[in-house]
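# Chains, contacts and geometry: an overview
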Amino acid sequence: MTRCDVRDDARNLGGPSGRRRWPEHVKAEMVLETYRDGVSVADVARRNGVSAPQLHAWRRAARDGLLPMPEEDALGLVPVLVAGNGGHRGGAGDQDIGPAIEIRVQDIRILVPGSFDPGHLARVIAAVRDAT
């Protein structure tokens, strides 16, 4: 979908107040674009005629599961390593937390117990991405 198509979709859904209403698939496309390397939220917002705070709100909605995202693009595929002892590879100073998932983002290691809240995990990963 081109930028012109995106703007046409929004214009066609404009209400009597003059405010544009964006279809969810268009919001999702813009949100995905903001996660590409070297792309800023402000640039994507400017190109599509949306305010940056509005686009940030859509990103939050996507992270919280409130904005439907295309399955194949939402999270992407990452390599998975299955290890013995329930998937937990203990290291120095680690306490046994039971079955867990280990997530590595560059040089940062996140050890996630099975009972961890998925919404909170999404916020932790987003914070790590923003910091790296």
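Residues numbered from 1 in each chain as written. Predicted model: local features only at pLDDT ≥ 70, side-chain atom pairs only at ≥ 80, totals over all residues. Heavy atoms only, no water.

In this section: the overall build of the protein chain. On a plain count of helices and strands, the protein chain comes out with 6 helices and 2 strands. Put simply, the protein chain runs from its N terminus to its C terminus through helices and strands in the order α-α-α-α-α-β-β-α. Every one of the 132 residues in the protein chain was classed for burial, and the buried ones make up 26%. Taking the intrachain contacts of the protein chain between residues at least 6 apart in sequence as the baseline, contacts between residues at least 24 apart amount to 38%. In the structure as shown, the protein chain presents an accessible area of about 9200 Å², 53% of it carried by carbon and sulfur atoms. (Helix = DSSP H or I, 4+ residues; strand = E, 2+ residues; numbered from the N terminus. Buried < 20%, exposed > 50% of the residue type's maximum accessible area, 1.4 Å probe, protein only. Contact = heavy atoms within 4.5 Å. Areas by Shrake-Rupley, 256 points an atom, 1.4 Å probe, with all protein chains shown as cover.)

On to the nonpolar core. Soluble globular proteins tend to pack their nonpolar side chains together in the buried interior. Counting 16 residues, the largest nonpolar core has W22, M30, V31, L55, W58, L67 and M69 as its most contacted members. When residues of this core are assigned to their parent elements, the largest contribution, 5 residues, is made by helix α2 (residues 24–34). Excluding residues within four positions of it along the chain, L67 makes contact with E24, K27, A28, V31, W58, A61 and A62. By size, the runner-up hydrophobic cluster in this structure holds 6 residues, among which are V105, I110, V112 and V128. (Core = buried A, V, L, I, M, F, W, Y, C linked by side-chain atoms within 4.5 Å.)

Counting buried positions along α2 gives 8 out of 11 residues, so the element sits mostly inside the fold. The set of residues buried in α2 consists of V26, K27, A28, M30, V31, L32, E33 and T34.

To continue, consider the pairing of strand β2 (residues 108–113). The pairing of strand β1 (residues 100–105) with β2 spans 6 bridges and is antiparallel. Bridging from a neighbouring strand, I101 pairs with V112 of β2. Taking the residues between adjacent antiparallel strands as the criterion, β1 and β2 are bridged by 2 residues, where Q106 takes a positive phi near 55 degrees. (Pairing = 2+ DSSP bridges.)

A few words on the side chain of R59. Its location among the elements puts R59 in helix α4 (residues 52–63). Judged by relative accessible area, R59 falls into the buried class, the value being 8%. With sequence-adjacent residues up to four places away left out, R59 is seen in contact with V31, T34, Y35, V41 and D130.

Let us now look at the confidence of the model for the protein chain. In the predicted model, the protein chain carries a mean pLDDT of 75, and 66% of its residues have values of at least 70. Taken element by element, the protein chain is modelled with least confidence in helix α5 (residues 71–74), mean pLDDT 50, and with most confidence in helix α3 (residues 41–48), mean pLDDT 96. (pLDDT = per-residue confidence, 0-100.)

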